[in-house]
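Descriptive analysis of the structure
So the chains spell out like this:
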Amino acid sequence: MNRRPKVPEQLFVFAGSLIFFLCTLAANFSGPHDSIGYLNGIITNKDPFHPHHLLYHFIAHYWLVFSQALLPGVKDYYLVEIFTALWGSGTMVVVYNFFRNRFRIPVWQSVISLTVIAFSFGPWFYSVNIEVYAPPIFLLLLALYILTRENWQKGDVWKVALLHVLAILFHQVHALFTVVILYKLWQQRKNVPFLPSLLQYALTGIVLVGGTYFLIGWVLEGHNSLTQWTNWLEGYAQQEAHWKPLNSKTPLLVATGYSHAFIGGHFVFRLPPVEKYLSRSLSTHSLGDEMYLARHISHSLAVFLTFLCVVLGIIMLWLVIRFVRRYKTISTAAGKVVTPLMIAGIIYSAFFTFWMPEILEFWIFQVVLVWLLLLGALQYGGQGLPPFKGWGPVKPVFIVAAISLMLFTINFFGSVRWMQDLNNDQYYTKIQQVKAAARKDKDIILLQDAWQLKDFFRYFTDIPVYEAPAVDSLKPAIDKAVNDCLGNGGRVYIYTEATHYQPQGTVYIDSLLKIYEPRKKVLPDAQAKIMVIE
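Let me sum up the structure you'll find in this document. What you see is a predicted model; the values in this text were computed from it and never measured. (Residues numbered from 1 in each chain as written. Predicted model: local features only at pLDDT ≥ 70, side-chain atom pairs only at ≥ 80, totals over all residues. Heavy atoms only, no water.)

The next point concerns the pattern of salt bridges. Taken as a whole and assessed by the stated rule, the structure comprises twelve salt bridges. When the shortest N-O distance is used, the salt bridge between Arg100 and Glu9 registers 3.5 Å. Placement of Arg100 in helix 4 (residues 76-102) and of Glu9 in helix 1 (residues 9-23) is noted, with a sequence separation of 91 residues between them. The partner of Glu497 in a salt bridge is Lys430, with the nearest N and O atoms 3.6 Å apart. Taken together, the positions of Glu497 in the loop between strand 3 (492-495) and helix 22 (507-515) and Lys430 in helix 19 (residues 426-437) put the pair 67 residues apart, joining distant regions of the chain. Comparing Glu497 with Lys430 shows no difference in burial state: the two are buried. (Salt bridge = Lys/Arg side-chain N within 4 Å of Asp/Glu carboxyl O. Helix = DSSP H or I, 4+ residues; strand = E, 2+ residues; numbered from the N terminus. Buried < 20%, exposed > 50% of the residue type's maximum accessible area, 1.4 Å probe, protein only.)

Here the focus is helix 5 (residues 107-119). The end-to-end C-alpha distance of helix 5 is 18 Å, a good match for the 18 Å that 13 residues give at a rise of 1.5 Å each. Within the span of helix 5, buried status applies to Gln109, Ser110, Ser113, Leu114, Thr115, Val116, Ile117, Ala118 and Phe119. Contacts made by the buried residues of helix 5 are with helix 1, helix 4, helix 6 (121-125), helix 17 (364-376) and helix 18 (396-419). (Expected span 1.5 Å × (residues − 1). Contact = heavy atoms within 4.5 Å.)

A few words now on the environment of Lys521. Following the sequence through the fold, Lys521 ends up in strand 4 (residues 520-523). Owing to a relative accessible area of 42%, Lys521 belongs among the partly exposed residues under this scheme. Separated by 417 residues in the primary sequence, Lys521 and Arg104 have C-alpha atoms spaced 69 Å apart. Setting aside anything within four residues of it in sequence, one finds Lys521 in contact with Ile530, Met531, Val532 and Glu534. Separated by 3.3 Å, the side chains of Lys521 and Glu534 make a polar contact. (Polar contact = N/O pair within 3.5 Å; in protein donor to acceptor, adjacent residues only side chain to side chain.)

On to the packing of helix 5 against helix 17. Across the interface, helix 5 lies against helix 17 with an axial gap of 10 Å and an inter-helix angle of 155°. Classified by the angle between their axes, helix 5 and helix 17 sit roughly antiparallel to one another. Note on packing geometry: the crossing formed by helix 5 with helix 17 is right-handed. Across the interface between the two elements, Ser113, Val116 and Ile117 of helix 5 pack against Val368, Trp371, Leu372 and Leu375 of helix 17. For the contact of helix 5 with helix 17, the per-class residue count stands at six nonpolar, one polar and no charged. (Axes fitted to C-alpha atoms, helices over the stretch in contact; angles between N-to-C directions. Parallel < 35°, antiparallel > 145°, perpendicular 65-115°, else oblique. Left-handed = near helix turned anticlockwise from the far one by under 90°. Nonpolar A, V, L, I, M, F, W, Y, C, P; charged D, E, K, R; others polar.)

Among the structural elements, Asn424 can be located in the loop between helix 18 and helix 19. Reaching out from Asn424, the side chain makes a polar contact with the backbone oxygen of Trp418 at a distance of 2.9 Å.

Looking now at the sheet that holds strand 4. Spatial ordering of the open sheet is given by 2-1-3-5-4, a layout of five strands whose pairing is mixed. Each end of this open sheet is capped by a strand with a single partner; those strands are strand 2 (465-467) and strand 4. Taken over all neighbouring pairs, the strand axes of this sheet differ in orientation by 25° on average, direction set aside. In this sheet, strand 3 lies alongside strand 1 (residues 444-447) in parallel orientation, the contact comprising four bridges. In the sheet register, Ile445 faces strand 3, and the bridge partner there is Tyr493. (Pairing = 2+ DSSP bridges.)

It is worth spelling out the packing of aromatic side chains at this point. According to the stated counting rule, one finds 48 aromatic pairs in the structure shown. Ring geometry for Phe49 and Phe58: centres 5.3 Å apart, planes at 25°, overall stacked. An angle of 35° between the planes, with centres 5.9 Å apart, marks the rings of Trp63 and Phe83 as tilted. In this pair, Trp63 sits in helix 3 (residues 56-70) while Phe83 sits in helix 4, placing the two residues 20 residues apart along the sequence. As far as burial versus exposure is concerned, Trp63 and Phe83 are alike and both buried. Clustering of aromatic rings is evident, with ring pairs tying together Phe121, Phe125, Tyr126, Tyr133, Trp243, Tyr348, Phe351, Phe352, Trp355, Phe362 and Phe365. Here the basic side chain of Arg189 rests over the ring of Trp186, its NZ or CZ set 4.0 Å away from the ring centre. Sitting above the plane of the Tyr292 ring, Arg295 keeps its charged end 3.9 Å from the centroid. (Phe/Tyr/Trp six-rings, centres within 6.5 Å; stacked < 30°, edge-to-face > 60°. Lys NZ or Arg CZ within 6 Å of the ring centre and 35° of its normal.)

What follows covers helix 8 (residues 154-170). Spanning 17 residues, helix 8 covers 26 Å between terminal C-alpha atoms, matching the ideal 24 Å at 1.5 Å per step. Turning to helix 8, its buried residues number three or more, namely Asp156, Val157, Val160, Ala161, Leu163, His164, Val165, Ala167, Ile168, Leu169 and Phe170. In this structure, the buried side of helix 8 is in contact with helix 3, helix 4, helix 7 (134-147), helix 9 (178-187) and helix 10 (194-220).

To continue, consider the pairing of strand 4. The side chains of a regular strand alternate, first on one face of the sheet and then on the other. Summarising the sheet, strand 4 and strand 5 (residues 530-533) pair through four bridges and their orientation is antiparallel. The residue bridging Lys521 from the neighbouring strand is Val532, located in strand 5.

To continue, consider the nonpolar core. Where a protein is soluble and globular, its nonpolar side chains tend to be buried together. In this structure, Leu141, Leu144, Phe177, Trp371, Ile403 and Tyr495 are the most contacted members of the largest nonpolar core, which totals 157 residues. Among the elements that line this core, the one with the most residues is helix 4, at 14 residues. Residues in contact with Ile403, not counting those within four places in the same chain, are Val116, Leu312, Ile315, Leu319, Trp371 and Leu375. Membership of the second largest hydrophobic core comes to 17 residues, among which are Ile444, Ala468, Val492 and Tyr516. (Core = buried A, V, L, I, M, F, W, Y, C linked by side-chain atoms within 4.5 Å.)

The subject of this paragraph is a nonpolar patch on the surface. On the surface, Leu162, Leu199, Leu203, Val207 and Leu208 cluster together to form a nonpolar patch covering roughly 430 Å² of accessible area. The element best represented in the nonpolar patch is helix 10, accounting for four residues. Here Val207 shows up in helix 10. (Patch = residues over 30% accessible without salt bridge, like charges linked within 9 Å, V, L, I, M, F, W, Y side chains within 5 Å. Areas by Shrake-Rupley, 256 points an atom, 1.4 Å probe, with all protein chains shown as cover.)

Relative to each other, helix 3 and helix 4 sit at 115°, their axes nearing to 9 Å. Here helix 3 runs over helix 4; the crossing is right-handed. Along its contact with helix 3, which presents Tyr56, Ile59, Ala60, Trp63, Leu64, Ser67 and Gln68, the element helix 4 presents Asp76, Leu79, Val80, Ile82, Phe83, Thr84 and Leu86. Looking at the contact of helix 3 with helix 4 residue by residue, the class counts come to ten nonpolar, three polar and one charged.

Here Thr204 lies in helix 10. When its relative accessible area of 7% is taken as the criterion, Thr204 is described as buried. Polar side-chain contacts of Thr204 include one of 2.7 Å to the backbone oxygen of Gln200. Among all residues touching Thr204, those that are not within four sequence positions of it are Trp158, Ala161, Leu162, Val165 and Val209.

Structural data, given as structure tokens:
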């Protein structure tokens, strides 16, 4: 009799997912644009409590301290990415459990279905970089897994409430998930009394989320008036630029963000017609880092990956049509699973139609939900699936395998592969010449556009770095730094290009270059416009 304990399937899934993510860790900070700034903040633990993702920087910092002690020779950014990969691997376990235990799919089909989500660009890349999205997605999916349990119990209210609290503290936007929980409490009111459950859930959220925000914002951060505290709490929500009104551009913005969460798409810049158009366009500066990343992709590979995208799009459209046509059958068989997933997807998609819809990060959760619904529903409505007339029955597992293989090919060879090499990060290459030439105790760096570059210099060099003053009150400090540097025989390296939102204009640096006209020279650089005053 074999008395050896059986190893849970989920352990293999977690280990396999973690190995996969660790083998594809990113060495690119421009793709997820906030990564280099987050990395600097995590290392220094300066201003660790961002109101929109309250816990992330604080916890990631202490993870870094802990992992540095265990792996002292590993680069800081890889250690932080391991932190992300652990959460991403946890997400894959929950996804597997959905396929296996909620949709009752066989083991191997569940594993292959899992890889479809793992190979989609958003879930993949945001499990291997430095960003805030992996922890709350894991927590929300785990909450959904409990919400879709067959026999809902009173104790589940606590579990879901605590998971939701943690998700909000990792990213504020996940307050949206409240709608899904309220639906479940109402739907299960005969099994678990509604009002006591609602009160329990509400008090848990108010005490833990509200209390944490009050303690950190009011007490620790010093926003100790109602106006200051609410302004801090709202953060970016006060900025009109983040809110997008419904207009003729909305479908395109939504399509851009949503599709990018499925497909990285960097190879598109190497399609001959696209490359030719962008080379003539004056608006390519904002796409410069993506174009630089894709520069080694051959034209033939770009065309092939585009062909795969078309095939994938056709299959996905067929899956969506099939889901809609057979929704009644699917809902009858798995309504307790399908309905909460659909509500979550609709609520999040509706919100991000108004809030920066072109940004892929805000569609990652919905990508996971869409694949869970489409692939989980494949088993309903017959064992064989005839995609086209004249074809014999095709088993669902083969369709899922084809989708998985296409997604891996498209996203690895069209995006992820190139993001594993730091030399493919354009902002990293922009600092190399100055990094090699500048002297720590004598020279300074002045940036017209500090976005990205300032954080790259701070991480990769010890050279003092300044940005063009946005208001007059900041000018004296910059003037003093420039005068002290030049007075001590130093050099001022000036990055003159304005490629991002520039509220201060270029007046300051233009006047500085005019004043020091006899002492300035151009520093030849293929990637940046650099002037040197010495």
